[in-house]
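# Descriptive analysis of the structure
As a plain string of letters, each chain reads:
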Amino acid sequence: EAASLTLDGCISARAEGLDLRVLAVLDISAGADAVYSRRPMTLDQLAGKRIAVEDSAVGATVLAALLEAARLKPNQIVQVPTVLPSTGRDFVGGRADVVITAEPWASQIEAAGGHRIFDSSRMPGRIVDVMVAHAQVVRERPTALQHLVGAHFRGLAHWLQRPDDAARRLAPRLELPPEQVASAYRGLELPDRSQNLQLLRDGGQIDATARLLQQDMLRQGLMRESHPLSAISDITALRGSETTK
C-alpha cells in the first residue's frame, strides 16, 4: 500500500495506471549522485568517452545535465548500459571510462581511485526520493499513514540526535558496517516536517520537479506520452503525523 520510490518512479507508476500520492519527501540529492572518471579529466574531454549510466529517469537526468555542462550532444559520447549496483565493477573492470553512480557505490569508486568530475549539487532539487501510497489507502487508512509518516520523522530526529546509535540500527538493513552508514547519506538533504510542507505545497518544488522529470523521461523515451501531474502530492498524513506517537 505504500513504498519509498524515486520521484521519477512515482511518475512512471502513475503513467501505468497506479494512482499514487506523494506523502513525504525523504531526501534530495545534493551531491549523492555523482560522475567519476578513471583518469583526471575536465568536462570538455568527455567527447568520445564510454559513459556507464543506468537506464532510468535519474540516470537520464544526470547524463543530460552532464552533457549540457560539457556542451556535448548525446551522439558525442558512448553510452554503456548498467545498473547502479554494477557501477563499481564497471569502474574497476574498465568497462567504461566514466560512470554515473550514487551512494554507497560512489564512496566505493572514490576509494578505488575514481575522480569526481560532476555531481548533483550542480543540478539542485532534481533527484528526489519520496514516500508514496495509493490514493485509495490515503482515503481509507489515514491514521495508519499518519503513523508511517510520523515514524519517518521520529527516525530522522534520532539520526540527528544520536547518530552512532542510529548507524548501529541502520547497518543491518543497509548491509553496511556501522562505521560506513554515515557515508551512505553523504550528499543527501533530509528535509524535516516543516520543509516538507513547503516542498509539497501546491505549486511548490515537488510539483515543478515532477514536470521537469516527465519532460526528461519523454525526451529519453522512458515514457510514450505525458500524463497529468495534478494532485501528485497529499499532505494529509504529513499534517496529521505531528501528533502521532
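Throughout what follows, the structure given in this document is the object of discussion.

Rules used throughout
- Positions within a chain are numbered from 1, following the residues in the order the chain's sequence is written.
- This being a predicted model, a pLDDT of at least 70 is required before a residue's local features are given, and a value of 80 or more before pairs of side-chain atoms are given or counted; all residues contribute to the totals for chains, interfaces and linings.
- Only heavy atoms go into the side-chain values, all of them from the structure, while hydrogens and water stay out.
- Axis definition: a line fitted to C-alpha atoms, over the contacting stretch in the case of helices. Angles run 0 to 180 degrees between N-to-C directions.
- Where helices and strands are cited, they refer to DSSP runs of H or I of at least four residues and of E of at least two residues respectively, numbered from the N terminus.
- Here the word oblique covers every angle except those under 35 degrees (roughly parallel), over 145 (roughly antiparallel) and from 65 to 115 (roughly perpendicular).
- Contacts: residue pairs with any heavy atoms within 4.5 Å of one another.
- Each residue receives one of three labels: charged for Asp, Glu, Lys and Arg, nonpolar for Ala, Val, Leu, Ile, Met, Phe, Trp, Tyr, Cys and Pro, and polar for the others, Gly being one of them.
- One speaks of a salt bridge when a side-chain nitrogen belonging to Lys or Arg is within 4 Å of a carboxyl oxygen belonging to Asp or Glu.
- For every residue, the accessible area (1.4 Å probe, protein chains only) is compared with the maximum for its type, and the residue is labelled buried under 20%, exposed over 50%, or partly exposed between those bounds.
- Helix span is expected to be 1.5 Å times the residue number reduced by one.
- Each Phe, Tyr or Trp ring (for Trp, its six-membered ring) is paired with any other whose centre lies within 6.5 Å, and the angle between the two planes then decides the class: stacked below 30 degrees, edge-to-face above 60, tilted in between.
- Think of it as a cone above the ring: NZ of Lys or CZ of Arg counts as a charge over the ring if it is within 6 Å of the ring centre and within 35 degrees of the ring normal.
- Pairing between strands is defined by DSSP: at least two bridges between them are needed.

### Here we look at the packing of helix H6 (residues 142-161) against helix H7 (residues 163-174)
Interaxial distance between H6 and H7 falls to 5 Å at its minimum, and their mutual angle equals 125°. Compared by their axis directions, H6 and H7 come out oblique. Within the contact between the two elements, H6 uses His158, Trp159, Leu160 and Gln161 and H7 uses Pro163, Asp165, Ala166, Ala167, Arg169 and Leu170. A breakdown of the residues in the contact of H6 with H7 according to their chemical character gives six nonpolar, two polar and two charged.

### Some points on the pattern of salt bridges
Opposite charge on two side chains makes pairing possible when the charged atoms of those side chains draw close. Within this structure, the stated rule accounts for nine salt bridges. Between Asp90 and Arg95 there is a salt bridge, with its nearest N and O atoms 3.2 Å apart. In this structure, the salt-bridge partner of Asp119 is Arg116, at a minimum N-O distance of 3.0 Å. Classification of Arg116 by relative accessible area gives partly exposed; the value is 29%. One network of salt bridges, with partners in common, ties together Glu103, Glu110, Arg116, Asp119 and Arg186.

### Some points on helix H2 (residues 57-70)
Taking 1.5 Å per residue, 14 residues should reach 20 Å; H2 reaches 20 Å between its end C-alpha atoms and fits that length. Of all 14 residues in H2, eleven are buried; the element is thus mostly enclosed. For H2, the full list of buried residues reads Ala57, Val58, Gly59, Ala60, Thr61, Val62, Leu63, Ala65, Leu66, Leu67 and Ala70. Positive backbone phi, at 60°, marks Arg71, one or two positions downstream of H2.

### Describing the packing of aromatic side chains
A complete count under the given rule lists one aromatic pair for this structure. Aromatic pair Trp159 and Tyr185: ring centres 5.0 Å apart, planes at 40°, arrangement tilted. Of this pair, Trp159 sits in helix H6 while Tyr185 sits in the loop between helix H8 (178-184) and strand S9 (188-189); the two residues are 26 residues apart in sequence, bridging distant segments of the chain. A cation over an aromatic ring shows up here: Arg38 above the ring of Phe91, its NZ or CZ 5.6 Å from the ring centre.

### Structural notes on unusual backbone geometry
Between Glu103 and the following residue, Pro104, the backbone shows a cis peptide bond with an omega angle of 5°. If you trace the backbone, Pro104 turns up in the loop between strand S6 (98-102) and helix H4 (105-111). In the Ramachandran plot, Arg71 falls in the positive-phi region, its phi being about 60° despite a non-glycine side chain. Among the structural elements, Arg71 can be located in the loop between H2 and strand S5 (78-82). Given a relative accessible area of 78%, Arg71 falls into the exposed group.

### Here's the deal with the pairing of S6
Of all five residues in S6, five are buried; the element is thus mostly enclosed. Burial of S6 is two-sided: the residues Val98, Ile100 and Ala102 facing one way and the residues Val99 and Thr101 facing the other way are all buried. Bridging between strand S4 (residues 50-54) and S6 involves two bridges; their strand directions are parallel. Each bridged residue has a counterpart across the sheet, and for Ile51 the counterpart in S6 is Val98.

### As for the environment of Ala24
Position of Ala24 among the secondary structure elements: in strand S2 (residues 20-29). With sequence-adjacent residues up to four places away left out, Ala24 is seen in contact with Val130, Met131, Asn196 and Leu200.

### Some points on the sheet that holds strand S3 (residues 33-37)
Strand order in this open sheet of five strands is S5-S4-S6-S3-S7, and the pairing throughout is mixed. A strand with exactly one partner marks an edge of an open sheet, and here the two such strands are S5 and strand S7 (115-119). Strand-to-strand twist across the sheet, computed as the mean angle between neighbouring axes with direction ignored, equals 30°. Here H2 sits on the sheet in contact with S3, S4, S5, S6 and S7, set at roughly 145° to S4.

Scope: geometric values only; no functional claims are made or implied.
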